[in-house]
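Chain residues, written in single-letter form:
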Amino acid sequence: MSRTTETKGALETRGIEQVPDRERTARTRELFPTWVGANISVLLLTMGASLVVSYRLNLWQALVVAVFAPVLSYGLVGLIGIAGKRGGAPGMMLSRAVFGQRGNLLPGSLIWVARWGWETINAVVGAYAMLTLLHLLFGLKANSALGMAMLLAFVVATFAISGLGINAVQRCNKYATYLFGLFSVLVLAHLIVDTDWPRVFAHPAGSTAAVITGIGMIAAGGVSWIPSAPDFTRYLPRTASAKAIVGTSIGGAGIVVLPMVLMGAVMAVSVPDLASAADPVSFLGRILPTWIAVPYLLIALIGMLLINAMSMYSAGFTAQTLGFRVPRHWAVSVNAVISLVFGSVLMLVATGFMGSFIAFLSLLAVAFSAWVGVFGADMLRRTEYDGRAMADTTRASAYWYRGGFSPAAVTAWATGLAAGLMFTTSTWFTGPLARNNVIGEYGLGWIATILISGLLYLALPKPPVPPRAAAATERVEQPEPLGV
């Protein structure tokens, strides 16, 4: 990442303000380890196994899911990431230009809350990974007190990494990528030798609807990163290749998602009770020999720390755009506390992890997709973002629009969100239009959300795009908090 006065130190001090052009010296290839690190999680193994256990897919269908899911979701990550190099600011800061200074509070608040759930899930999985390691190494049995201690340790470590900033996250991602790749090869080699392949290939094929729904389940993890994509591209120069941003995002995610989902699908032969298990990690200790399971879980644990660190890093920006008068690293602490509280409830109360997780993913994808549709459609007409107008939250801002709202953006977002939920099916919530139609049956509620919100935004009358203020990228004043 850029080695400027703002970023070369251990602690990043830049907040949501636009990055000046002179400091934007990053390279697109640095996105590759970022999106590799964003997927180093044993959850992908668990989700790969659930394709076989819960969705009844065979290995070839799981391969289709593992190929298309990262292309679809991280293709969108890369496309929205182009806005970061255009505007040099975090995603939810750029969103002010689309929704208006006050209108942005609506999707921003929902995305911030949805990110609590994603961080909580990762924190709980990290705690379970630590419990599994303690059992493998020392024979310790999991209990509530030990589980809470591991959850606390995971959240504290996450806060420490994310509080340092982008350089710390990028540097950790780089080394974790190499280590995780090495041990994934060892796991793959063990599975090739030890797996009952006739039993794997004898598994009957599932339905087409289950394949498409499975793609949506795996893709939901990538969809959760879409609003954060500009956070990791804002240090790229304006001349950075848009094609390279998209390709690097897909490649970095795909190189992890594809093999891990397939390995999980193969492992599912040995874990038929996975769908009802309260712990999504301990099955690795039963399938893999200790000399592979221990280092692999250690590296995966580091990966999950980095995933949550990246999420909290972006969540800190979101909190600042909502008007909280705190520096980014203090805004991160809010998410850390929430992860700890919600994670404790999940570990103590939940009886089955995968059912709750899949239900959460279906709703998470819709929550993020409404914003994606509007913001992505707006990128078709907006190639520049005025840093001063984004930072100015008064009526004088060029992005104040009508009473602080862009009626077209807010209307399209709310309509797309409501429509998507009506077509969504989960164990927690089933929309009234989710049955007896292709959208509901195939789990396409989140796709419908993107299309409805995006097309409606394009059709509605919109305020003109104001010209970018001269020297807006060279001297940007600190944002005036909205005082939420």
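Since the model is a prediction, treat every value here as computed from it, not as a measurement.

Draft legend 1. A look at the overall build of the protein. Along the backbone of the protein there are 18 helices and zero strands. Per-residue burial over the protein gives 60% buried out of 484 residues. For the protein, the proportion of contacts with a sequence separation of at least 24, taken over those separated by at least 6, is 87%. In the structure as shown, the protein presents an accessible area of about 18,000 Å², 68% of it carried by carbon and sulfur atoms.

Draft legend 2. Region of the structure containing helix H4 (residues 91–99). Burial of H4 is extensive: nine of the nine residues sit out of reach of the surface. Of all the residues in H4, the buried ones are Gly-91, Met-92, Met-93, Leu-94, Ser-95, Arg-96, Ala-97, Val-98 and Phe-99. Positive phi appears at Gly-100, one or two residues downstream of H4, with a value of about 95 degrees.

Draft legend 3. Molecular detail of the side chain of Arg-382. Tracing the backbone through its elements, the reader meets Arg-382 in the loop between helix H14 (353–379) and helix H15 (387–391). Dropping the residues within four chain positions of it, Arg-382 is found in contact with Arg-86, Ala-97, Val-98, Tyr-399, Tyr-401, Val-465 and Pro-466.

Draft legend 4. The environment of Met-304, seen in detail. Structurally, Met-304 is set in helix H12 (residues 290–321). We classify Met-304 as buried; its relative accessible area is 0%. Discounting chain neighbours no more than four positions away, the residues touching Met-304 are Ile-40, Ser-41, Val-42, Val-125, Gly-126, Ala-129 and Phe-154.

Draft legend 5. Up close: the pattern of salt bridges. This structure, assessed with the given rule, holds four salt bridges. Between Asp-21 and Arg-24 there is a salt bridge, with its nearest N and O atoms 3.4 Å apart. You can call Asp-21 partly exposed: its relative accessible area is 30%. Given the relative accessible area of 3%, Arg-24 is considered buried. Between Asp-378 and Arg-382 there is a salt bridge whose closest N-O contact spans 2.7 Å. Note on accessibility: Asp-378 and Arg-382 belong to one class, buried.

Conventions and cut-offs
Residues numbered from 1 in each chain as written. Predicted model: local features only at pLDDT ≥ 70, side-chain atom pairs only at ≥ 80, totals over all residues. Heavy atoms only, no water. Helix = DSSP H or I, 4+ residues; strand = E, 2+ residues; numbered from the N terminus. Buried < 20%, exposed > 50% of the residue type's maximum accessible area, 1.4 Å probe, protein only. Contact = heavy atoms within 4.5 Å. Areas by Shrake-Rupley, 256 points an atom, 1.4 Å probe, with all protein chains shown as cover. Salt bridge = Lys/Arg side-chain N within 4 Å of Asp/Glu carboxyl O.

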